[in-house]
Amino acid sequence: MKWYLLRRGWQSLLVLFGVSVVVFLILHLTGDPALLLLPPDASADDIARFREAMGFNDPVAVQYVRFLKGALRGDFGESLRHGEPAMHLVLERLPATFELAGAGLLIALCLAIPAGIISAVRRNTSVDYVSTVLALLGQAMPTFWLGIMLILVFSVRLNWLPSSGRGDLDHLVLPAVTLGLFTTARITRLTRSGMLEVLGQDYIRTARAKGVSEPPVVWKHALKNASIPIVTIVGIELGTLLGGSVITETIFAWPGVGRLSVQAIFNRDYPVVQAAVFLLASTFVIVNFVVDVLYTYLDPRIRFR
Amino acid sequence: MAPVSTPQSVATEAVVLAPARPSQEREWLLLLSRLVRRRTALFGMAVVLVVALTAIFAPMISPFDPLAQDISQRLREPGWQDPQGRVHLLGTDHLGRDILARIIYGSRIALVVGLAAVAISGVLGMIIGLTAGYFGGRLDDFLMRLADVQLAFPFILLAIAVIGVLGPSLRNIIIVIGVSSWVVYARVVRGEVLSVREREYVQAAVALGSRDGRILARHVLPNTFTPWLVVATLDMARVIVIESALSFLGLGVQPPTPTWGGMLADGRVYLSTAWWLATFPGLAILVTVLGINLFGDGLRDTLDPRLKV
């Protein structure tokens, strides 16, 4: 087991390294970062001097090493718009994004897992059909449209909930539901299929033959085994949630990293963009590594590989 | 060859001499009939067909010119009849343009981006998956690490960062989406290659001295096509949503070309006064994606239910 974890840890480090390369390259996509960072009316002299001062004339490899050293210290340069260190701006808004993603995930798990289990246990009944249809719709619906429709119904027409900003629980409801719907749909379908697969296994038949009553069969034996793919999916879904936060935060004016990134890209504030993308991608890699560690506790078969 | 010719061997010879093509066609017909028997897949197929036909025949079915502005008719509700007696079935937008017409033309962008991006990522993923699965070893490790790096980025963030740098245009969004979506194809193809690699006819070919290229093309590739097709179908739905998300943010195809996402962005501004601007384009996306998903699910269940896609 230790070897497995070490291997996964090393792979995660390699991935983080790859992430840093890609983030670095974003600025150099057009070949001349100076043109990107300076206002359009800058003179040729200004551009040349800027290039020299920022070290853009050095070979790419040297520039990358400089970038990496800065990144490891948390230094991504200064925001071009706000004048503050880029990473500080991003970190300031990280709690807001985690709050939103966390709420979305919580809603998803609370709704999806019971729904999936009931669907599997009461297969082909009306409950199953309704839940399947809802899950299909949930996966097909674009999040930004859902957000706008929710605002239309609950903010504009009914005036029950606020449509923007972050504050108390009221403000969290609509964005969290919007963000979490796709994940809910996905986890519902996965739980249902996972449970169906597990319920068909021999050890379940054995438990029933032994006389174990239905609730422990479902909740203890079946769920524990079906939860393995669910745990994996949660790790992947976190990536979806972090990405989805970009759109959801924009629609609901939620002050998180996603909204900051979109604004930064439109403002051509590339240090902030780099800091934000690097942070989100790294979070994803770390969370997945944690999920892998959890995996070894949930699935004893892995320990003996 | 046994000198005694029994009825059985005569029958065998007769079958062997029959041409191969009819049985291939019959196989496709069989698959098609199996697919049709699933009602949801049928519904999905119908929806996809309608959307495709709408996109192709847009100029002929569209009741209005999607770009024709008429400020005197702006923000009219669905069903409104203008002074010339023509009915705007889904209303007009803030510049007086007919919503239905714009939705019809918006399907063109959605499908073009969908097909083009899927083609690019499909081919890229196929090549990477074949290489990783067939040659294995360090190359496989490297390519799979690359896949992990690709997956670590929240896709939409990477897409808007790159397009923010390169500038929004039809070509750029196709390239960005296409180049970054290869992973799921590569994984599925690689999985299939790993299982096919161990089969006897492949090992026989290797033993007989066939070159790698020939083995890949003749034995491995045809087996990967089915899972690849399922992935491509489901991925197309995802690409259409991403294209509309990018258009929504203003990073897609630029106005005045109608895109579903762009219409949603416009509609958001007038949400309290003209709900139809934002509702119908979103419904168009929803129905299209649902249709493709149902069709893709049906395809997967028909061709290979074991696929973990």
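Residues numbered from 1 in each chain as written. Chains lettered and ligands numbered in written order. Predicted model: local features only at pLDDT ≥ 70, side-chain atom pairs only at ≥ 80, totals over all residues.

For chain B, the count of helices and strands is 13 helices and 2 strands. Burial statistics for chain B: of 309 residues in total, 46% are counted as buried. In chain B, the share of contacts with a sequence separation of at least 24, taken over all contacts with a separation of at least 6, comes to 71%. (Helix = DSSP H or I, 4+ residues; strand = E, 2+ residues; numbered from the N terminus. Buried ≥ 20, exposed ≤ 12 C-beta atoms within 10 Å, placed from the backbone. Contact = placed C-beta atoms within 7 Å.)

When you go through chain A residue by residue, the secondary structure sums to 13 helices and 0 strands. The secondary structure elements of chain A, listed N-terminal to C-terminal, are α-α-α-α-α-α-α-α-α-α-α-α-α. When each of the 305 residues of chain A is scored for burial, the buried share is 38%. Partitioning the intrachain contacts of chain A with sequence separation of at least 6 by distance along the chain shows that 72% fall at a separation of at least 24.

As a further point, take the packing of helix α5 (residues 86–121) of chain A against helix α10 (residues 214–251) of chain A. Residue and element names in this part refer to chain A. Following both chains from N to C, one finds α5 and α10 inclined at 145°, their axes separated by 9 Å at the closest point. Note on packing geometry: the crossing formed by α5 with α10 is right-handed. Here Thr97, Leu100, Ala101, Gly104, Leu105, Ile117 and Val121 of α5 lie close against α10, whose contacting residues are Val218, Leu223, Leu241, Leu242, Ser245 and Glu249. Of the residues that constitute the contact of α5 with α10, the class distribution is 9 nonpolar, 3 polar and 1 charged. (Axes fitted to C-alpha atoms, helices over the stretch in contact; angles between N-to-C directions. Left-handed = near helix turned anticlockwise from the far one by under 90°. Nonpolar A, V, L, I, M, F, W, Y, C, P; charged D, E, K, R; others polar.)

The next point concerns the interface of chain A and chain B. Counting residues at the interface gives 37 residues for chain A, matched by 35 residues for chain B. Looking at the side of chain A that touches chain B, the elements that each hand over two or more residues are α1 (2–27), α6 (126–140), α7 (143–157), α10, α11 (257–266) and α12 (270–298) of chain A. Tallied by class, residues from the side of chain A that touches chain B come to 30 nonpolar, 7 polar and no charged.

Most peptide bonds adopt trans geometry, and most residues besides glycine take a negative phi value. Residue Pro256 of chain B is bonded to the preceding Pro255 of chain B through a cis peptide linkage, with omega at 10°. By secondary structure assignment, the location of Pro256 of chain B is in the loop between α11 (212–248) and α12 (260–269). Unusually for a residue other than glycine, Asn159 of chain A sits at a positive phi of about 60°. Mapped onto the secondary structure, Asn159 of chain A falls in the loop between α7 and α8 (169–199). For Arg268 of chain A, which is not glycine, the phi torsion reads 60° and is therefore positive. Among the secondary structure elements, Arg268 of chain A is positioned in the loop between α11 and α12.

Formed by 162 residues in total, the largest nonpolar core has its most connected members in Val90, Ala276 and Val277 of chain A together with Ala159 and Ile160 of chain B. The element best represented in this core is helix α5 (residues 99–135) of chain B, accounting for 17 residues. Beyond its immediate sequence surroundings of up to four residues, Val90 of chain A is in contact with Val257, Leu260, Val272, Ala275, Ala276 and Leu279 of chain A. (Core = buried A, V, L, I, M, F, W, Y, C linked by C-beta atoms within 7 Å.)

Attention shifts here to α1 of chain A. When the terminal C-alpha atoms of α1 of chain A are compared, their 39 Å separation across 26 residues agrees well with the 38 Å that a helix rising 1.5 Å per residue should span. Within the span of α1 of chain A, buried status applies to Val15, Leu16, Val19, Ser20, Val23, Ile26 and Leu27 of chain A. (Expected span 1.5 Å × (residues − 1).)

Moving on: the confidence of the model for chain B. Close reading of the predicted structure is inappropriate where its pLDDT is low. This prediction gives chain B a mean pLDDT of 84; 86% of its residues lie at or above 70. Element-level pLDDT for chain B is lowest in helix α1 (residues 7–17) of chain B, with a mean of 50, against a maximum mean of 93 in α5 of chain B. (pLDDT = per-residue confidence, 0-100.)

Here we come to the packing of α5 of chain B against helix α9 (residues 182–197) of chain B. All names here are of chain B. Contact geometry for α5 and α9: axes closest at 7 Å, N-to-C directions at 35°. Classified by chirality, the crossing of α9 by α5 is right-handed. Two secondary-structure elements touch here, α5 through Ser121, Gly122, Leu124, Gly125, Met126, Ile128, Gly129, Leu130, Ala132, Gly133 and Tyr134 and α9 through Trp182, Val183, Val184, Tyr185, Ala186, Arg187, Val188, Val189, Arg190, Val193, Leu194 and Arg197.

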